[in-house]
Amino acid sequence: DVKVTQSSRYLVKRTGEKVFLECVQDMDHENMFWYRQDPGLGLRLIYFSYDVKMKEKGDIPEGYSVSREKKERFSLILESASTNQTSMYLCASSSTRLAGGADTQYFGPGTRLTVL
Amino acid sequence: QQQVKQSPQSLIVQKGGISIINCAYENTAFDYFPWYQQFPGKGPALLIAIRPDVSEKKEGRFTISFNKSAKQFSLHIMDSQPGDSATYFCAASLSSGSARQLTFGSGTQLTVLP
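Everything numeric here is computed off the predicted structure, so don't read it as measured data.

**A few points about the side chain of Gln-38 of chain B**
- Tracing the backbone through its elements, the reader meets Gln-38 of chain B in strand E4 (residues 33-38).
- The class of Gln-38 of chain B is buried, set by a relative accessible area of 9%.
- Of the polar contacts made by the side chain of Gln-38 of chain B, one reaches the backbone oxygen of Lys-42 of chain B; its length is 2.9 Å.
- Discounting chain neighbours no more than four positions away, the residues touching Gln-38 of chain B are Gln-37 and Leu-90 of chain A together with Gly-43, Pro-44, Ala-86, Thr-87 and Phe-89 of chain B.

**Structural notes on the packing of aromatic side chains**
- Summed over all chains, the structure comprises 18 aromatic pairs over all chains.
- Both rings, one in Tyr-25 of chain B and one in Phe-30 of chain B, keep their centres 6.2 Å apart while their planes meet at 65°; by these two values the pair is edge-to-face.
- Centroid distance Tyr-25 of chain B to Phe-73 of chain B: 6.2 Å. Interplanar angle 55°. Geometry classified as tilted. Here Tyr-25 of chain B, found in strand E3 (residues 19-25), pairs with Phe-73 of chain B, found in strand E8 (residues 72-77); they are 48 residues apart in sequence, far enough to count as distant.
- Take Tyr-25 of chain B: its relative accessible area is 7%, and that puts it in the buried class.
- Connected via pairs of aromatic rings, a cluster forms that spans Phe-33, Tyr-35, Phe-48 and Phe-107 of chain A together with Tyr-36, Phe-89 and Phe-104 of chain B.

Rules used throughout
Residues numbered from 1 in each chain as written. Chains lettered and ligands numbered in written order. Predicted model: local features only at pLDDT ≥ 70, side-chain atom pairs only at ≥ 80, totals over all residues. Heavy atoms only, no water. Helix = DSSP H or I, 4+ residues; strand = E, 2+ residues; numbered from the N terminus. Buried < 20%, exposed > 50% of the residue type's maximum accessible area, 1.4 Å probe, protein only. Polar contact = N/O pair within 3.5 Å; in protein donor to acceptor, adjacent residues only side chain to side chain. Contact = heavy atoms within 4.5 Å. Phe/Tyr/Trp six-rings, centres within 6.5 Å; stacked < 30°, edge-to-face > 60°.

Here is the structure:
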C-alpha cells in the first residue's frame, strides 16, 4: 500500500511566523503535490514537483514555496504566515510510470493549519 | 477560473436510494476524469475514473456517466449506504510535459440516512 505521511495533523502558528509542512511518501513516486482544501472551494493546487529539485507552480502559489531535496520528501514553506493561510493542507504523490499514465494521486491525511 | 463545476454542494439520501453528483468541465483537452472520496479526518482516495472514449464505467455500486458533447460527467451511487457518507470530489486532468495535474470540483458532502 502507498503511504503518504504528513508531519503534523494540527498546527497553530502566529502571523509572520515561518512554517514548514513536511510530506513523505514511501512508494518511490516521482510526482508530489501540495494542495489546500477549503470548504466550497475543493482542492486547489499550490505547487507540485515531478523530480528531485524540480518544482512547478500550481494555481495558487502566492505566499508559498516548496523544497524537494530527496525523492521521498516534499516540503511546503510559508515564509511569513498570514491568517488567510489558515486551511487544511494535503500532500499527494503519484507515478506517471505506473497504471498507463493514469497518475492516480495518493493523499496524506492532511495538516490543519491555524494562523492566529 | 473554476474549470470543473460540481453540484450539489450537499446531498442527503435515504439508505437504499440513488445518489447523483454532477460535474461540468470547460477544457476540452481534459482526457481523464477521476472521482475521489474523502472520509472525515482522511485524505481523498481514488474511487473510480473514466476516460472520454467511453460513455459509462461501472464498479460495483458506483457508476460514472460521461457525456463528451455536453462536457458533463456524473457519479451515481446505487443502493446508497450509511458507510458511503463522505465528501466526493470530481476531477479532470490532462497529460502535460511533467506530471498529470488534477483540477478538482468544489466537492459534495453526501449523507446517507439509515
